[in-house]
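Structural features, examined
Given next are the chains, with one letter for each unit.
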Amino acid sequence: MFAHLVKRLGYYALLLALAVVISYVLSSLALSPRGYFEGRQPAPPPEAIDTQLTALGINDRTPLWERFGDWLGHALRGDLGRTLDSSDVGTEFGRRIGVSLRLLLAGTVLGTVGGVLLGTWGAVRQYRFSDRAVTLFAFLLLATPTFLLAVLLKTGAIHANEAAGRELISFTGERTPGLTGNFATLFGDRAVHLLLPTLAIALGTAAAYSRYQRGTMLDVLGSDFLRTARAKGLRRRTAVLKHGLRTALVPMSTFFAYGFLALFTGAAFTEKVFGWHGMGAWFIDAVGKGDVNSVVAVNVFAAVVVLLAGFLADVLHAALDPRVRTS
Amino acid sequence: MNRIALRRFVRNTNAVLGAGLLLLLFLLAFAGPSLTHWSHTDIDYTALRQPPSATHWFGTNSIGQDVYAQVLRGLQKSLLIGLLVAFLATVLASFAGACAGYFGGWTDRLTTLFIDLLLVFPAFLIIAIVSPRLRSANWLAFVGLLAAFGWMLTARVVRSMTRSLIARDFVRAARLMGVHPLRIIVRHVLPHIASFLIVDATIAVGGAVMSETGLSYFGFGVQPPDVSLGTLIADGTGAALTYPWMFFFAAGLLVVFVLAVNFLGDGLRDALDPTSDRARGRRASRARRPARPAPRTPHRTEHRAPERTAGA
């Protein structure tokens, strides 16, 4: 198993290297930071723009390979360059990632656990009323894009606030600016702000996972080993949970890993709608401005997340499926 | 579709409902505009932000454009984009996947590497970077981009299905007779996975429309003066509370459309794939125990994992 994992790790390293090169070249060719400076009021003189662009290492008049070599040299030493406003990309990165994690953690965990449980329940109760209701609800959620779901939740919250006559659910940003108080007040404030984004993320995630889980669980429920487990006297509940669920989770491990990535990009919508300044919002703003260094940083981060996720899936797979370990 | 599959399809209420809804939506999108004399660019200066009425069926927006005409125009565009993207992506996926699976060796290794590489980049990010460049080009370039990032997962499944097919006698026989490899792929391999491809393409239509609307919502997709459901929803978001008709018609049609496509895809899968849950579940519950565990079709588990990746 160890050799197998090392081999996968090497493959992922190759993919990462290729991804870094491609994302740098692509963003450098497609984005125009020069346009951002030229569009400023009052427009700075061309020489000043040139100096500024060169200082940032993104001057389009320097040959691409030279810029890339320069960037790579710094990046290998842990310096990801500067944003268009000359702040450090690394610092910005750290701040944004914290925001994204705070935003995603609760929603992802809730959505994943909820989706798996709903899917299992639906499979055990196939074609009963409860299964059909869950299925219909999941289909409805799957047909609603994340941004639409977020906007709908927000609209609902505004209605609720109006009906209540005061701000019952606040949903803009991470916390109420300027709020002071003890730890409990501040924590409560953050929790209320998290409510809607978490709901948006958890609902979408749970809907998708419940469909997959239901499918894999149905495969397992009809299997011989589950019948054997029942035949040797296990109660249905124990058999389904101990033998069935574990096996059904094996193919799901890939989904969990990749779902994590989908979240970081899918969260761009949630962040934008609810006014959070996380990775996704950073990326969208950076593309708009032509901020090459920031765009590359987010892209590389996304690539690292996918590859880590892929590796994690391999490890999980090996941990859950004994056949991978022995072969 | 043979008769058994047709019977199974018709018995599936959801699938029939989905097909019916889709038909209605198509009629609405392509015949609906001729029912009103407003076009999506016309501006009625006498009616700004008017609620639905006899002259403007879905009301008007803040500059006096007819929402009915706009929503139908947007629906048209979104339908076309969805269908084209799904078609292109499926063709690309079946060709790449079948070649990788059939030829094996370096073809396989390079294709797999390429697929993995594309999967490493979230499609949403790449499209967002590239599309400002295409702002001057027309929406077909956008279709191409969406298709270019929508074929990889399907190709993987096609590849693994092809690998199990080439061990079968009829493929071996064809190969020994000296049939050209591409001909074997087109005549013997692809028809055997046609049911998977049909189902996958159907579901991909929904995915493509979701990606399109998501990207357009942020201004990375369809560009004005052209409209799609995504741009309409984006424009109407701010007015969702005060002037709901600017938002909810477009949003509602989007949800109904994707829902119908998913119902249809699910129903087609049950009808065409004899190992699908529904078909097997029914047999299992009748016999009180399943027949031999059906050979795993990879696509139910491997299929469409990061559906929500591309900005969905």
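Bear in mind the structure is a predicted one, so any value in this text is a computation, not a measurement. (Residues numbered from 1 in each chain as written. Chains lettered and ligands numbered in written order. Predicted model: local features only at pLDDT ≥ 70, side-chain atom pairs only at ≥ 80, totals over all residues.)

Regarding the overall build of chain B
Within chain B one finds 14 helices and zero strands. Listing each helix as α and each strand as β along chain B from the N terminus yields α-α-α-α-α-α-α-α-α-α-α-α-α-α. Here chain B, with 312 residues, has 51% of them falling under the buried criterion. (Helix = DSSP H or I, 4+ residues; strand = E, 2+ residues; numbered from the N terminus. Buried ≥ 20, exposed ≤ 12 C-beta atoms within 10 Å, placed from the backbone.)

A short note on the packing of helix 6 (residues 129–142) of chain A against helix 8 (residues 183–221) of chain A
Residue and element names in this part refer to chain A. For the pair helix 6 and helix 8, interaxial distance at closest approach is 9 Å and the crossing angle is 125°. By the angle between their axes, helix 6 is oblique relative to helix 8. For the crossing formed where helix 6 meets helix 8, the hand is left-handed. Of the residues in helix 8, those in contact with Val134, Ala138, Leu141 and Leu142 of helix 6 are Leu203, Gly204, Ala207, Ala208, Ser210 and Arg211. Split by residue class, the contact of helix 6 with helix 8 holds seven nonpolar, two polar and one charged. (Axes fitted to C-alpha atoms, helices over the stretch in contact; angles between N-to-C directions. Parallel < 35°, antiparallel > 145°, perpendicular 65-115°, else oblique. Left-handed = near helix turned anticlockwise from the far one by under 90°. Contact = placed C-beta atoms within 7 Å. Nonpolar A, V, L, I, M, F, W, Y, C, P; charged D, E, K, R; others polar.)

A few points about the UniProt feature "transmembrane region" (unreviewed entry) in chain A
Mapped onto the present numbering, the UniProt feature "transmembrane region" (unreviewed entry) falls on residues 12–31, 103–121, 133–153, 191–209, 245–269 and 296–320 of chain A. With 95% helix and 0% strand, the stretch residues 12–31 of chain A has end C-alpha atoms that lie 27 Å from each other. (UniProt positions renumbered as here; feature names shortened; annotations may be inferred.)

A few points about the confidence of the model for chain B
Residue and element names in this part refer to chain B. Looking at chain B, pLDDT values average 77 and 83% of them are 70 or higher. Summarising per-element confidence for chain B, the mean pLDDT is lowest in helix 14 (residues 299–302) (37) and highest in helix 8 (residues 169–176) (90). Taken together, the stretch residues 277–312 has pLDDT below 50 and engages in 78 contacts with residues farther than four places along the chain or on a different chain. The complex model carries a pTM of 0.80, and its ipTM stands at 0.78. (pLDDT = per-residue confidence, 0-100.)

Some points on unusual backbone geometry
Leave glycine aside and you will find that most residues have negative phi; peptide bonds, for their part, are mostly trans. All names here are of chain A. Even without being glycine, Tyr127 reaches a positive phi, approximately 70°. Tracing the chain through its elements places Tyr127 in the loop between helix 5 (89–124) and helix 6. Classification of Tyr127 by C-beta neighbours within 10 Å gives partly exposed; the count is 13.

Side note on the UniProt feature "transmembrane region" (unreviewed entry) in chain B
Residues annotated in UniProt with the feature "transmembrane region" (unreviewed entry) correspond here to residues 79–103, 110–131, 137–158, 189–210 and 245–264 of chain B. Span residues 245–264 of chain B is 100% helix and 0% strand, its end C-alpha atoms 28 Å apart.

What about helix 7 (residues 146–164) of chain A?
Residue and element names in this part refer to chain A. Compared with the 27 Å implied by 1.5 Å per residue over 19 residues, the 27 Å span of helix 7 between its first and last C-alpha is a close match. Of all the residues in helix 7, the buried ones are Thr146, Phe147, Leu148, Leu149, Ala150, Val151, Leu153 and Lys154. Following helix 7 by one or two positions, Gly165 has its phi on the positive side, about 85°. (Expected span 1.5 Å × (residues − 1).)

Details of helix 12 (residues 245–272) of chain B
Taking 1.5 Å of rise per residue, the 28 residues of helix 12 of chain B would be expected to cover 40 Å, and the 40 Å separating its terminal C-alpha atoms lies within 8% of that figure. Among the 28 residues of helix 12 of chain B, 25 are classified as buried, and the element is accordingly described as predominantly covered.

A short note on the environment of Gly101(B)
Here Gly101(B) lies in helix 3 (residues 67–103). Using a count of 25 C-beta atoms within 10 Å as the deciding quantity, one classes Gly101(B) as buried.

Some remarks on the nonpolar core
Core analysis: the biggest nonpolar cluster contains 158 residues, and Phe283(A), Val71(B), Ile127(B), Ile233(B), Ala250(B) and Leu254(B) have the highest contact counts within it. Among the elements that make up this core, the one with the highest residue count is helix 12 of chain B (19 residues). (Core = buried A, V, L, I, M, F, W, Y, C linked by C-beta atoms within 7 Å.)

Here we look at the packing of helix 1 (residues 2–30) of chain A against helix 12 (residues 292–320) of chain A
Residue and element names in this part refer to chain A. As a packed pair, helix 1 and helix 12 sit with axes 9 Å apart at the nearest point and diverge in direction by 160°. In this view, helix 1 runs roughly antiparallel relative to helix 12, as classed from their interaxial angle. Considering only the axes of helix 1 and helix 12, their crossing is right-handed. Together, Leu5, Arg8, Leu9, Tyr12, Leu15, Leu16, Ala19, Val20, Ser23, Tyr24, Ser27 and Ser28 of helix 1 and Val292, Val295, Val296, Asn299, Val300, Ala303, Val304, Leu307, Gly310, Phe311, Asp314 and Val315 of helix 12 make up the contact between the two elements. Classifying every residue of the contact of helix 1 with helix 12 gives 17 nonpolar, five polar and two charged.

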